[in-house]
Every structure is written in structure tokens, then in C-alpha cells.
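One letter stands for each residue in the lines below.
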Amino acid sequence: MTAPKTLDAPYEPPRIFGPRYRTASLGILLVITLIAFEGMSIGAVMPAASADLEALNLYGMSFSAFLIAGLFANVAAGLWSDRRGHAVPFLLGVALFTVGLALAGAAWSKEVFIASRAVQGLGGGFAIVAIYVMIARVYAPETRPRIFAALSAAWVLPALIGPGVGGLIAETVGWRWVFYGIVPLVIPALVMLLPALRGGEGEAPVPGTGPRSRPLPMTLAALGTAVGAAVLLYGADLLHTRPVLGGIMTATGLAALAVGLPRLLPPGALRFGRGLPTTVMMRGVLGGAFFGVNAFIPLVLQEEFGFDLTKAGVALTVGALGWSSGSYMQARHDWDRPRLVRFGAAAVTAGILLTLLAFIPGMTGWIMAPAWLVAGLGMGVGMPSVSITTMRQSPDAEQGANSAALQVIDTLGSSLTIGFGGVLVNLIGHDDIATGYTAIVAMTAAVGVLGMVVAGRMRDVS
């Protein structure tokens, strides 16, 4: 009997944790986990950090600074990686993220803390985009779905334990160690990724020739959009104390956004044009509604209901469970995606409004946990459906540009609602957090209702 020939054996794609990809996979997942843990735990520790640094008036900006800086980094890293490779933007991103963590831990003033959040945002934006390019260049095509699935899973554990662990660390050894503790873990991730940084299996794709593939105009548009959003939020925050200066800065920020943002999105996106433009915009609508409330739940639970930081983080953890459940549910069938996105917007809106039940006399702050489970379910159903629909509606040559557009509008939507939430808290007063939170709920619920109304426009013109 002769041994079977190699050609007769069925082909098995290499495993992502097999000898060929093991170190790269572990390094990628560790980096993503570290970024995710920082992002998920910051909400739980912000009440302690803002109290220590007397920065409650800049609570919203602490989140928005990370997101706005990441917006610019996403565009810049994508352009850089397409033309020069993924190694430099990845290393730069990890370095900036690490410096931002150390700076946040050592922050001696609210201004330094907000600057550190911006540095972290730049680092995270560069690193995440470079990782996606690294996967495309290093992993065989038939292996990529597995590493992307693992990438999604890398966000689940930080989402489940990040808020609770972050709150526990803040209460025991201090909020600064939430940032300090991540720094040493960066080194093993870099060591494992060194082979993947030296190159990849395939050739770099030929850069596109459309208007959203031109480096200088896109970089300027990203910079204008990021700066415009920051100036807009800061100006709006000044309106109640220095109305003239605040009005000038608000108008300037709006003008910068009006010039830069349309260049980063598909044509017709800002007017919710039918098909792809609305599909991309729904990412920002869902993210803006959800995260505009998510950032303030720990603050409300601590200030109004006497929760400690660990307990306040539980509500965010429950939301993550809902998100995971929704993601699992939407993957079970080939659903009608616009209807699924409309359901997601409805669930997010319902969850936002249900959190107000906590303020009814005799009710407990714990009601926010099941309410946020509903909102998380909506995000888990809606966000993947937006991504799937975007890829279906994108020609091959525009998938990269449209993926970047999704990230841009997602980041911008979240940063604006969180930033304006901080403005509302400052305007109403720090001694009346409940009223400020109610105003935030009204603002974000309106965004959610908008999503319910326009979701049907995701369908292409027949």
C-alpha cells in the first residue's frame, strides 16, 4: 500500500494559533485587548479622576479628546499604510498610546489629563488601522475571517470586566493605576509582533485614484474635521460664561466641519442620501445615541444614587452583555438589514429612555442595568448590520474608503454627543446632575428617533 500523495490530502487553511501565525495573533489580540480595556474602564474611573483633578466641567471633553484625536489618526494611518506599509504607523501608534497612558497616570491638572487622552486617541487610532492592514498583508486570505472573529472576541472580555475591574482598582490603589497598569503589558505585545512588522505575504494593494484616496486633501480634511469638532465643543462649553467668544468658536468649529467632513464621507451622506450614504451615517447615529449616555451613567449612579465605582461599572458591563447577545443573534440568519438597523435604533432609544425610571421616587439606580441591557442589545444588532450592508454596497475599489468613513462618522457621532452632554451638565450646574442627565437623555433619544426614521433609506434605489 502506498502512502497518499500530498495532492490527495484536503487543504486545511493555517490556524491563527498554529506555528505560522501564533505570535502575530497573540500580539495583535493583546494590543486590541489593552486598547479595549482602557476604553471600557475609563467610564467607571472618570468620576474619581474628575473629582481628584477638579475637572467635572471638562468631563465630556475627557472622552471627546480621545475620540477626536482618533478620528484624525484613522484617516492618516490608512493613507500611510497603503503607501508606506503598516510597520511605522503601528509602532507610532503603540508608542503614542503608551505615552498617553503614562501621562494620564501622572496628570497633575485637568488640562494635562485631557491632553493625555488626546495622545491616547492618536495612538489607538494609528494602531488599530495599522493592525487591519497588517492582517491583510500577513495572513492568508482564507485565514482572515478567523483572525477578524478573534479580534471581535478581544473586545468582549474588556467590555465585561473593564468597568468593574477599573472601578475596583480606582477604589483600592487609585484611579491612576488603571493607566499605569497597562503600560508594562505593551512590551510583550511588541515582541510578538516584530516578525509581522517586517513584511507580509502579499504585495501592497495599488492605492485608489478617487477623491477619497488623495493623501494631502484627505489629511487636511481629517485635520479640519478633528480641529473643527474640538473647537465646536469648546466654544459651546463657553456659551454660558463667555457668550461672545463661545459664539465665535462655535461658528468657527461648524465651518471647519462643513468644509472637512463631506470629503471624508460618501457623497450625499450628510443629507442621508438613499443607499450607501445613509448606511454610513447610521453608524454615527447609533454610536452617538448610545455612547452619549454610556459615558455619563457611572457619574449619575455615583453622584445621585451613592454607588461606588465598582457598582457603577456593573451597569456598563450589563450593556456589554446585551451587545454581545445582539451580535450573536444578528449572525444567525440572513436578516433584512435595514429593518434590523431600525430595530437596533429603536432598542437603543428605548434603553436610553428606560434609564430615567431610576429617578422615579421609590425606584433604585439598579434599574439602569436592565435598561442598558436593552440599549446594548440594539447596538449588537444594529452596528454589525451597518458594517455588513456597507460592504455589500461598496465596490471593491472603495471598500477601504468606506470602511474609513464608517470609523470617522462613528467617532465623530460619539465625540459630539458626549461633548455636548458635558456642555449640558456644565450649563445646568454640577449640583443638579439629575437634570443634566435628563437633558442628555432627551438629546440622545432624539438622535435615536432620527435613526428609526431614516433607517429605511439604507436600501439602494431600485
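Residues numbered from 1 in each chain as written. Predicted model: local features only at pLDDT ≥ 70, side-chain atom pairs only at ≥ 80, totals over all residues. Heavy atoms only, no water.

Looking at an unreviewed UniProt entry, one finds the chain named MFS transporter, with Planobispora longispora as its source organism. Quoted straight from UniProt, the Subcellular location (unreviewed entry) entry for the chain says "Cell membrane". (UniProt positions renumbered as here; feature names shortened; annotations may be inferred.)

*Asks:* I would appreciate a short explanation of helix α3 (residues 87–106) in the present structure.
*Replies:* Turn by turn, an α-helix covers 3.6 residues, leaving residues three or four places apart pointing in a common direction. For α3, which comprises 20 residues, the first-to-last C-alpha distance of 29 Å matches the rise-based estimate of 28 Å (1.5 Å per residue) to within 8%. Taken as a whole, α3 has its buried residues at Pro89, Phe90, Gly93, Val94, Phe97, Thr98, Gly100, Leu101, Ala104 and Gly105. Viewed end-on, α3 has its buried residues packed into an arc of 165°, placing them on one side of the element. (Helix = DSSP H or I, 4+ residues; strand = E, 2+ residues; numbered from the N terminus. Expected span 1.5 Å × (residues − 1). Buried < 20%, exposed > 50% of the residue type's maximum accessible area, 1.4 Å probe, protein only. Arc of directions from axis to C-beta.)

*Asks:* Is there a simple way to think about the pattern of salt bridges in this case?
*Replies:* Once the charged atoms of two side chains with opposite charge are near each other, the side chains can pair. Within the structure shown, the criterion is met by four salt bridges. The shortest N-O distance in the salt bridge between Arg176 and Asp52 comes to 3.7 Å. Taken as a pair, Arg176 in helix α6 (residues 176–180) and Asp52 in helix α1 (residues 22–52) lie far apart in primary sequence, 124 residues in all. Note on Arg176: relative accessible area 23%, which makes it partly exposed. Given a relative accessible area of 46%, Asp52 falls into the partly exposed group. Where Asp336 meets Arg459, a salt bridge forms, and the shortest distance between an N and an O atom there is 2.9 Å. Taken together, the positions of Asp336 in the loop between α12 (309–330) and α13 (337–354) and Arg459 in the segment after α16 (433–454) put the pair 123 residues apart, joining distant regions of the chain. (Salt bridge = Lys/Arg side-chain N within 4 Å of Asp/Glu carboxyl O.)

*Asks:* Got a minute to help me understand the environment of Met40 in this structure?
*Replies:* On the secondary structure map, Met40 appears in helix α1. Sequence separation of Met40 and Ile161 is 121 residues, and the distance between their C-alpha atoms is 8.5 Å. If near-sequence neighbours (up to four positions away) are discounted, Met40 is found in contact with Trp155, Pro158, Ala159, Gly162 and Pro163. (Contact = heavy atoms within 4.5 Å.)

*Asks:* Hey, could you run me through a nonpolar patch on the surface in this one?
*Replies:* Judged by side-chain polarity, Leu354, Leu357, Ile360 and Met363 come together as a nonpolar surface patch covering roughly 300 Å² of accessible area. Take Ile360: it is sitting in the loop between α13 and α14 (368–393). (Patch = residues over 30% accessible without salt bridge, like charges linked within 9 Å, V, L, I, M, F, W, Y side chains within 5 Å. Areas by Shrake-Rupley, 256 points an atom, 1.4 Å probe, with all protein chains shown as cover.)

*Asks:* So what exactly am I meant to see when it comes to the packing of aromatic side chains here?
*Replies:* The geometry of two aromatic rings is summed up by the distance between their centres and the angle between their planes. As enumerated under the stated definition, the model contains eleven aromatic pairs in all. With centroids separated by 5.9 Å and ring planes inclined at 80°, the aromatic side chains of Phe113 and Phe179 adopt a geometry described as edge-to-face. One end of the pair, Phe113, is in helix α4 (residues 110–138); the other, Phe179, is in helix α6, with 66 residues separating them in the sequence. A relative accessible area of 1% means that Phe179 is categorised as buried. (Phe/Tyr/Trp six-rings, centres within 6.5 Å; stacked < 30°, edge-to-face > 60°.)

*Asks:* Where do I start with the side chain of Thr417 in this structure?
*Replies:* Within the fold, Thr417 resides in helix α15 (residues 399–428). We classify Thr417 as buried; its relative accessible area is 8%. Side-chain polar atoms of Thr417 contact the backbone oxygen of Gly413, separated by 3.1 Å. In this structure the side chain of Thr417 is engaged in a polar contact, spanning 3.2 Å, whose partner is the backbone oxygen of Ser414. Apart from the residues lying within four places of it in its own chain, the contact partners of Thr417 are Gly288, Gly292 and Met443. (Polar contact = N/O pair within 3.5 Å; in protein donor to acceptor, adjacent residues only side chain to side chain.)

*Asks:* When you look at the packing of α12 against α14 in this model, what are you seeing that I'm missing?
*Replies:* Packed helices, taken two at a time, are described by the angle their axes make and the gap between the axes. For the pair α12 and α14, the least separation of the axes is 6 Å and the interaxial angle reads 40°. In terms of their interaxial angle, α12 and α14 are classed as oblique. The way α12 lies across α14 gives a crossing that is right-handed. Contacts between α12 and α14 pair Ala315, Leu316, Val318, Gly319, Leu321, Gly322, Trp323, Ser325, Gly326, Ser327, Met329 and Gln330 from the former with Ala369, Trp372, Leu373, Gly376, Leu377, Met379, Gly380, Val381, Met383, Pro384, Ser385 and Ile388 from the latter. Split into classes, the residues belonging to the contact of α12 with α14 amount to 15 nonpolar, nine polar and no charged. (Axes fitted to C-alpha atoms, helices over the stretch in contact; angles between N-to-C directions. Parallel < 35°, antiparallel > 145°, perpendicular 65-115°, else oblique. Left-handed = near helix turned anticlockwise from the far one by under 90°. Nonpolar A, V, L, I, M, F, W, Y, C, P; charged D, E, K, R; others polar.)

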